Amino acid sequence: MDTNAPSSRFDSALDSHLLQTVGVAPAQATPTELMQAVAQVAREQLSRRWVATQAREREAGARRVYYLSMEFLIGRTLGNALAALDLGDAAAQAVRQHALTLEDVAGREPDAALGNGGLGRLAACFLDSMATLGLPSFGYGIRYEYGMFAQEISQGCQVEYPDPWLADGTPWEFPRAGIAYPVRFGGWVEHQGDKAVWRHAGEVAAKAYDMVVPGHGTQKVSTLRLWKAVAPAHIDLHAFNTGDYARAAGVKNEYENISWVLYPNDSTPAGRELRLRQEYFFVAASVQDILARHLDEHGTLANLADRVAMHLNDTHPAIAVAELMRVLCDEHELPWEQAWDITQRVFSYTNHTLMPEALETWPVGLMQHVLPRHLEIIFRINQVFLDFAAAQRPGDLGFLSRLSLIDENGERRVRMAHLSIVGSHKVNGVSALHSELLVETIFADFAALWPERFTNMTNGVTPRRWLAQANPGLAALLDRGIGPAWRLDLDQLQALRERRGDAAFRDEFMAVKRANKARLAGHIARATGIAVDPSSLFDVQVKRIHEYKRQLLNVLHVVARYQAIAADPGADWVPRTVIFAGKAASSYAMAKNIIRLIHDVGAVVERDPRVGGRLKVVFVPNYGVSVAEVIMPGADLSEQISTAGTEASGTGNMKLALNGALTIGTDDGANIEIRQHVGDDNIFIFGLKTPEVQALRAGGYQPMRWYEGNPQLRNVLDAIAGGAFSPEEPGRYRGLVDSLLWGGDHYLLLADFAAYVETQARVDALYRQRDEWAARAIANVAGMGAFSSDRTIREYARQIWGMTPAP
């Protein structure tokens, strides 16, 4: 079907798919069936574009980038596909014939449960930009059947359920029946002269499923190839026929659980082993697929590094370094030195954390059990590397100990970040501060050896998803004001700076914001049963629940605000709705306790007649892409309050500012660059800076002094610890408060509390000035051009992958 065909052609195609693909009479189609049929119309176009793209790249012998990531948080596909194919208007008109809106129909699609947080959403934005910029590219990951988990809140507590997003199938995947690779585990290694032979103990098949990622403003697409684990034999038929049904399915479940759940609970030995198996499973399948494609197109591995760039998105795929060496040396019999030269030229690595405890390591014993040949290869890589390092600093054993791929302190562990650095030609951080701190702190020794290997690539977000699709009201206003070119050139937003003083434009801008807040209020009411006022200030903190992200600091301010309102209910308070969302890892007890505290504080505030609706606290459950698309456009204030020096970058900060929210935050991650682009007057920065954090810790931080020196802080902590928000269980949060007062307050909440509260008062004062608030919100949108993922991917392509993106 011609993508420029009139809507009548779309109507015909839709009815055809309803009848022939979905199997329902068009007049009787439900909204879900209409969604499936609209998706099939789009799928036809995507399939044609995919075939054409692959043919062009094959004919050109193109260099490709392969992006390896444990997560791809793509959300729903329908809206993005229709926009890329320019079918949105035709689809909307077609479903109107069925007395429905396109939003109603698109809302029936479940989010693809292929990720959890910023890591996976970044990968999804990057694939969108790779396609839009015409970069020959594949993303590789796992086809999780149940995602991480679906979150419900019961009595204030997070409860995890499977997220069966594939229960009814998905129209967006293309099963590749002829593409499957064996992935092997366990066993032992035999050495026959110079040749190593891995005698594996178990094997699983990796079957390929493709999702097509369309570019915008181009016919080119990218591919997301996901691997499903399939047992070699589905069931033990003999056991089944003798009545032993559990054993009959045991082998199938033992292997196929590899692709069931993202980030299985790793608090048990079985959970840790499953995680390692997952990481190797998708890496091994991907490396085999990449080499098979390369050999089919080029017939030799000699030019592999000239035609292939493999990028490690964090350390989860780091075992790919050892796997590529195994395949090149053991299966293709390349000499070690040649294989190592190819490997280093092929790989590049993005680090996403500054916290040493978050850098992935695996016990040597576990790796010996699961991947014995890879452990041998890692040992050899390490020996060659340490010999090189020792020559640079003879006799410096501490230097070698810090650099070693094996941590010898306590239980011997393989350091996967170290393997990624040694095996890559480029290593990047994801914001200017993060990249600077990488080479000054956790990777300082590597940077001393290879200063040219380290660089910065500040993260970005796709404006197609996070503005055009998530905020159609603002997108339409921008189109009228500056034209539609911003979708492919986000720097066009700079033209909005001239509109800040335009009263009519400010009114239109705030009318769009009010409509988005009303939509968000409706979602909150449906999800939580709590009614919130769209005229109140919507104060939003939505992200993974973690102590360093300091949702707890936000709660401390909420309690302080509540106490102040209760003490003086007659004062002229700025009404505020504080909105939280995010998932806590299933084994992360402290994060789960913070979620419960948010709920308990909200319940007490809601019941207190003195508050009179001027403060609301809500926790929106099951945060994901589709929920974010409702929350981001409705936010007035964006909470980015991590301890300075802990957040690598953040992308939620970018999405919220792009949608006209003002940021309250620390000088951390990409907040610094956002401040530089939107201007100091258009952002609320507070708290200790990274050098001050380091100095405070070095000088012996004593949280009790801050508690004793600030009566407001003392009242807040005493209320929480004393059971004011958990009267049925007064000691519920005693341990949480003790972790601040007596446990070291590792993330310095008490040190930043006073500055945070004072800055929140400045937020209130500005919110009272509607026109000034609007002008500063417009300035935030205008300053976000640098934070397009298109800019980020252009920089990766040119500086790391050796590729030339389309103009």
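Residues numbered from 1 in each chain as written. Predicted model: local features only at pLDDT ≥ 70, side-chain atom pairs only at ≥ 80, totals over all residues. Heavy atoms only, no water.

## Observations regarding the sheet that holds strand β19 (residues 615–620)
In spatial order, the strands read β19-β18-β17-β20-β21-β22; together these six strands make up an open sheet with parallel pairing. Each edge of the open sheet carries a strand with a single partner, namely β19 and β22 (684–685). Sheet topology places strand β18 (residues 576–581) next to β19; six bridges connect them, and they run parallel. Residue pairing in the sheet places Phe580 in a bridge with Phe619 of β19. The strands touched by helix α22 (residues 551–567) within the sheet are β17 (537–542), β18, β19 and β20 (637–640), with β18 carrying the most contacts at an inclination of about 155°. (Pairing = 2+ DSSP bridges. Helix = DSSP H or I, 4+ residues; strand = E, 2+ residues; numbered from the N terminus. Contact = heavy atoms within 4.5 Å. Axes fitted to C-alpha atoms, helices over the stretch in contact; angles between N-to-C directions.)

## Section: unusual backbone geometry
In this model, Asp745 sits at a positive phi of 45°, which is unusual for a non-glycine residue. As for its placement among the helices and strands, Asp745 is situated in the loop between α30 (734–741) and α31 (749–767). The phi dihedral of Leu748 falls on the positive side, at around 60°, and the residue is not glycine. Structurally, Leu748 can be placed in the loop between α30 and α31.

## A short note on the packing of aromatic side chains
Across all of its chains, the model carries 18 aromatic pairs by this definition. On the numbers, 5.8 Å between centres and 5° between planes, the contact of Phe385 with Phe446 is stacked. One end of the pair, Phe385, is in helix α14 (residues 372–392); the other, Phe446, is in helix α18 (residues 444–449), with 61 residues separating them in the sequence. The structure contains a cluster of three or more aromatic residues connected by ring pairs, namely Tyr66, Phe138, Tyr140, Tyr181 and Trp227. Over the aromatic face of Phe138 sits the side chain of Arg293, whose NZ or CZ is 4.1 Å from the ring centroid. (Phe/Tyr/Trp six-rings, centres within 6.5 Å; stacked < 30°, edge-to-face > 60°. Lys NZ or Arg CZ within 6 Å of the ring centre and 35° of its normal.)

## With respect to the sheet that holds strand β14 (residues 413–415)
Across a sheet, paired strands are connected by hydrogen bonds in the backbone, their directions being either parallel or antiparallel. Ordered by their spatial adjacency, three strands build an open sheet running β12-β14-β13, and the pairing between neighbours is antiparallel. Each end of this open sheet is capped by a strand with a single partner; those strands are β12 (361–363) and β13 (406–407).

## Topic: empty space enclosed by the protein
Overall, the coordinates contain three cavities of 30 Å³ or more when judged by the stated rule. Volume-wise, the largest cavity comes out at about 190 Å³. Lining the largest cavity are 16 residues, with Ile74, Thr77, Asn80, Val213 and Arg465 sitting closest to its centre. Looking at the lining of the largest cavity, the elements with two or more residues in it are α6 (118–132) and β8 (202–214). Here the residues of the lining of the largest cavity are counted per class, giving nine nonpolar, three polar and four charged. Approximately 70 Å³ is the volume attributed to the second largest cavity. What lines the second largest cavity is a set of 13 residues, among which Lys543, Gln640, Ile641, Ser642 and Glu647 lie closest to the centre. The class makeup of the residues in the lining of the second largest cavity is one nonpolar, seven polar and five charged. (1 Å grid on protein atoms, 1.4 Å probe; cavity = no way out; pocket = protein on both sides within 12 Å on 5 of 7 lines; lining within 4 Å. Points joined across faces, edges and corners; volume = space filled by probe spheres on them. Nonpolar A, V, L, I, M, F, W, Y, C, P; charged D, E, K, R; others polar.)

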